[in-house]
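Remarks on the overall topology
Take a look at the letters that make up each chain.
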Amino acid sequence: MKMHFCIPVSQQRPDGLGGRYVLYSVYLDGFLFCRVRYSQLHRWNEQLKRVFGNCLPPFPPKYYLAMTTSMANERRDQLEQYLQTVTADPDVLRSDVSIEFLRLVQLVVSHRLGLCRELIGYFGLFLLQFYKNGKLSVVKKLADFELPYVSLQSSEVENCKAGLRKWYLDPALDSMLMDCRAAVDLLFMQAVQDIKKEWAKPTPAQREELEALQKEENQTKFLELSRDVQHYGCMQLDPCTCDSPEPGCGVVLSVGNNAISCCITLPDNQTQEVLFQMSRVKCWQVTFLGTLLDMDGPQRTLNQNLELRFQYSEDSRWQWFVIYTKQAFLLSSCLKKMISEKKVKLAAENPEMQIEVPEQGKSKRHQIQQSQQKNYSSFLLRKSKIKRADDDCVFGTIKEEDL
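Below is a short write-up of the structure. (Residues numbered from 1 in each chain as written. Predicted model: local features only at pLDDT ≥ 70, side-chain atom pairs only at ≥ 80, totals over all residues. Heavy atoms only, no water.)

1. Digging into the overall build of the chain
Assigned secondary structure in the chain consists of nine helices and 15 strands. The burial tally for the chain puts 45% of its 403 residues in the buried class. For the chain, long-range pairs separated by at least 24 residues make up 61% of all intrachain contacts whose partners lie at least 6 apart in sequence. Surface summary for the chain: the accessible area is close to 21,900 Å², and the carbon and sulfur share equals 50%. (Helix = DSSP H or I, 4+ residues; strand = E, 2+ residues; numbered from the N terminus. Buried < 20%, exposed > 50% of the residue type's maximum accessible area, 1.4 Å probe, protein only. Contact = heavy atoms within 4.5 Å. Areas by Shrake-Rupley, 256 points an atom, 1.4 Å probe, with all protein chains shown as cover.)

2. Quick notes on helix H1 (residues 38-52)
With 15 residues, H1 extends 20 Å from end C-alpha to end C-alpha; this agrees with the ideal 21 Å at 1.5 Å per step. Burial in H1 covers these residues: Tyr38, Ser39, Gln40, Leu41, His42, Trp44, Asn45, Leu48, Val51 and Phe52. Phi turns positive, to about 80°, at Gly53, one or two residues after H1. (Expected span 1.5 Å × (residues − 1).)

3. Details of the packing of aromatic side chains
Taken as a whole and judged by the stated rule, the model has 12 aromatic pairs. Consider the rings of Tyr122 and Tyr168, whose centres lie 5.8 Å apart with planes at 90°: the pair is edge-to-face. Of this pair, Tyr122 sits in the loop between helix H4 (96-113) and strand S4 (123-130) while Tyr168 sits in the loop between strand S6 (160-166) and helix H6 (181-196); the two residues are 46 residues apart in sequence, bridging distant segments of the chain. What makes Tyr168 buried here is its relative accessible area of 3%. Taking 6.0 Å as the distance between ring centres and 55° as the angle between the ring planes, the aromatic pair formed by Phe310 and Tyr312 counts as tilted. Grouping residues by exposure puts Phe310 and Tyr312 together as buried. Following the ring pairs from residue to residue traces out a cluster consisting of Tyr38, Trp44, Phe59 and Tyr82. Above the face of the Tyr21 ring, Arg37 is positioned so that its terminal group lies 4.0 Å from the ring centre. Sitting over the ring of Trp318, Lys282 keeps its end group 5.2 Å from the ring centre. (Phe/Tyr/Trp six-rings, centres within 6.5 Å; stacked < 30°, edge-to-face > 60°. Lys NZ or Arg CZ within 6 Å of the ring centre and 35° of its normal.)

4. What to know about the nonpolar core
Met235, Leu253, Ile260, Cys262, Phe310, Phe321 and Leu335 are the most contacted members of the largest nonpolar core, which has 41 residues in total. Discounting chain neighbours no more than four positions away, the residues touching Met235 are Phe126, Val138, Trp167, Leu169, Leu253, Ser254, Val255, Leu330 and Cys334. One finds Ile7, Trp44, Tyr82 and Leu93 within the second-largest nonpolar core, a separate group that totals 23 residues. (Core = buried A, V, L, I, M, F, W, Y, C linked by side-chain atoms within 4.5 Å.)

Below you can see the structure in the form of structure tokens.
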């Protein structure tokens, strides 16, 4: 799944020999992922070339003389473009060079939970923010190659923890996990939590029956009934705003079951339910609207003033629906997930269709090719004035000399 990388800022730091080096702040889905030097990215590129050959995108050249400000900005832009291009290939992200250590950690965690190895892909690690009033917010889904502790510390979101949740949005896929006791336990705990948090909305009759099944500890029957509950298995986003039917209307989004469900608060405080089936959605894009947050404060995330707009069909016409939410990247990931699940389902229903799934954990030389699949999403960055950060690198002191 495509990740949204950017390098919006860099800082010069003094080294131990009286010189200076440049540290680049790499952001993933709007949150600080790491700070690296040119030499580290260069070494990673050399390792990738040994695996994937010379078909990688060009890496920014070395400078042997002092760089001017314009040269430094040009290198930052080139590194950002390189990072965005090379990580767009899923085989690179799944290669041993990129995620070998993280894959080992994930296997250890799943073993301790008793989760069957082949079911690991149905779950994912998320950054979750807990509020004093009992509400829960999903900050982001961690990518396969992210180190949970580092990402948790880098986000510096208050009352934030890393949590395990299922990572599929088609409730019918629950049936694939029913033979694994650990998987059923995880699904049951999440279903109970989602109902308690009112992300899933059972009718009074359904709630009464679910409470009885919960007391009986009949998890399988509980999950079977839960699949009929409104918004079960959906990802609910925090309250945000949209541009329809009027600009500035409040909206709560529930994404899942191949649809985007919107509960819109109108100017007269009446609510309107709008459902967008994914079959009506043509494409979408995420756009940064603001600048970096004050880097002198506790936050080191990009300004969460983001928008996601998607184009949909109504009355044989294409229209745009715009959502202003700090969870735009999470929403984009959910939309991609529903598209991929639909493709797999169609392939299962039509055996003549073939979907190539790369083997995970194996590296091989190959040529990076432009995907032939339809590109549903895009990412736009509106540049504006930013404020530099003087925080230490999350990886600690770097001893090697910058190239």
